[in-house]
Amino acid sequence: MDLGKLPSLDNNIQISEEQISRFRTNGHVIIPGLLSNEECTAYRSAINEAAYKYNTEKRKIEERDTYGRAFLQIMNLWEVDEPVKLFTLSKRFARAAADLLGVPAVRLYHDQALYKEAGGGLTPWHQDQYYWPLDTTNTITMWMPLVDINIDMGMLTFASGSHKEGAVKNVAISDESQTALNEHISKKGYQISRPTTMKAGDASWHYGWTLHSAPANNSSVVREVMTIIYFADGAKITKPVNEHQEADRQRWLGGGHPGQEAASRLNPII
Ligand SMILES: O=C(O)CCC(=O)C(=O)O
């Protein structure tokens, strides 16, 4: 891939006060058209090339567990692929993340391509921040489809307002989280929000504590999605409270110790 052919994504796009307010109230918001069609087409090729090159999941869908059936998950492509690095370190995305959170600057946690294959299963209810040993609630994920998607293709689904509760249950994404959190959501009466369509280049954003899930991909097309996770600059590493946080501390936080600032070479300020 010729780097010179990729458009720069470093200019700012204004996020409105209304979008910011919706994000903070509901714990999620969509910013339509964060990438133009041309930009998205160019980066889709780059991300696809890298995602399939580095994908290690070779089993058939039927041979995997619920989490494995949910999507192909290819992580931190920016570390190994120069074109994807231009996408993940985009200042446009990072500025949007900082404005939504209301902080001066954000750092990168990691990126991940989440490709829900045709016939791929549901993504169980979960909270992302269950996995992250960070002392801030100012964490955010950008979830961007690289193709137009509709409600049959595994649309991201939220329990609106659930981020305000913080950690709900000490449970990883699994059949167990699906059952326990479904019950919790019903009990609390959270409104469920799921758009019917998203265009390639639209960006869905959610807090690390917002409860979310996605239905199965019942279409014959791969739901190609790229995600980037950020946290507020200045956040410190906390003592891991589960094995996943310990793995994340080592993999995404450069092995930094509890109490230290989360600021390894893998966590640049963008
Ligand atoms: O893409 C999905 O199905 C789930 C995505 C998700 O959980 C996330 O980006 O935090």
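The rules we used
Residues numbered from 1 in each chain as written. Predicted model: local features only at pLDDT ≥ 70, side-chain atom pairs only at ≥ 80, totals over all residues. Heavy atoms only, no water. Axes fitted to C-alpha atoms, helices over the stretch in contact; angles between N-to-C directions. Helix = DSSP H or I, 4+ residues; strand = E, 2+ residues; numbered from the N terminus. Parallel < 35°, antiparallel > 145°, perpendicular 65-115°, else oblique. Left-handed = near helix turned anticlockwise from the far one by under 90°. Contact = heavy atoms within 4.5 Å. Nonpolar A, V, L, I, M, F, W, Y, C, P; charged D, E, K, R; others polar. 1 Å grid on protein atoms, 1.4 Å probe; cavity = no way out; pocket = protein on both sides within 12 Å on 5 of 7 lines; lining within 4 Å. Points joined across faces, edges and corners; volume = space filled by probe spheres on them. Phe/Tyr/Trp six-rings, centres within 6.5 Å; stacked < 30°, edge-to-face > 60°. Buried < 20%, exposed > 50% of the residue type's maximum accessible area, 1.4 Å probe, protein only.

*Asks:* Pulling in residues and values, what's your account of the packing of helix α1 (residues 17-26) against helix α5 (residues 91-101)?
*Replies:* Across the interface, α1 lies against α5 with an axial gap of 9 Å and an inter-helix angle of 65°. By the angle between their directions, the pair α1 and α5 is classed as roughly perpendicular. The chirality of how α1 crosses α5 is right-handed. Counting all contacts with α1, which are made through Q19, I20, F23 and R24, the residues of α5 involved are D99, L100 and L101. In terms of residue class, the contact of α1 with α5 is built from four nonpolar, one polar and two charged.

*Asks:* Summarise empty space enclosed by the protein; cite the residues concerned and give the values.
*Replies:* In the structure shown here, the tally under the stated rule is one cavity of 30 Å³ or more. Considered as a void within the structure, the largest cavity measures approximately 30 Å³ in volume. Taken together, H126, Q127, Y130, K169, V171 and L181 form the lining of the largest cavity. Across the lining of the largest cavity, the residue classes tally to three nonpolar, two polar and one charged.

*Asks:* Mind laying out the packing of aromatic side chains, listing which residues take part and the relevant values?
*Replies:* In this structure the tally under the stated criterion is nine aromatic pairs. Ring geometry for Y43 versus F87: centroids 5.7 Å apart, planes at 50°, classification tilted. With Y43 in helix α2 (residues 37-54) and F87 in helix α4 (residues 82-88), this pair connects stretches of sequence that are 44 residues apart. Ring geometry for Y109 versus F231: centroids 6.2 Å apart, planes at 80°, classification edge-to-face. Taken as a pair, Y109 in strand β3 (residues 106-116) and F231 in strand β12 (residues 223-232) lie far apart in primary sequence, 122 residues in all. By relative accessible area, Y109 is classed as buried at 0%.

Read these as layout, nothing more, since geometry by itself doesn't imply function.
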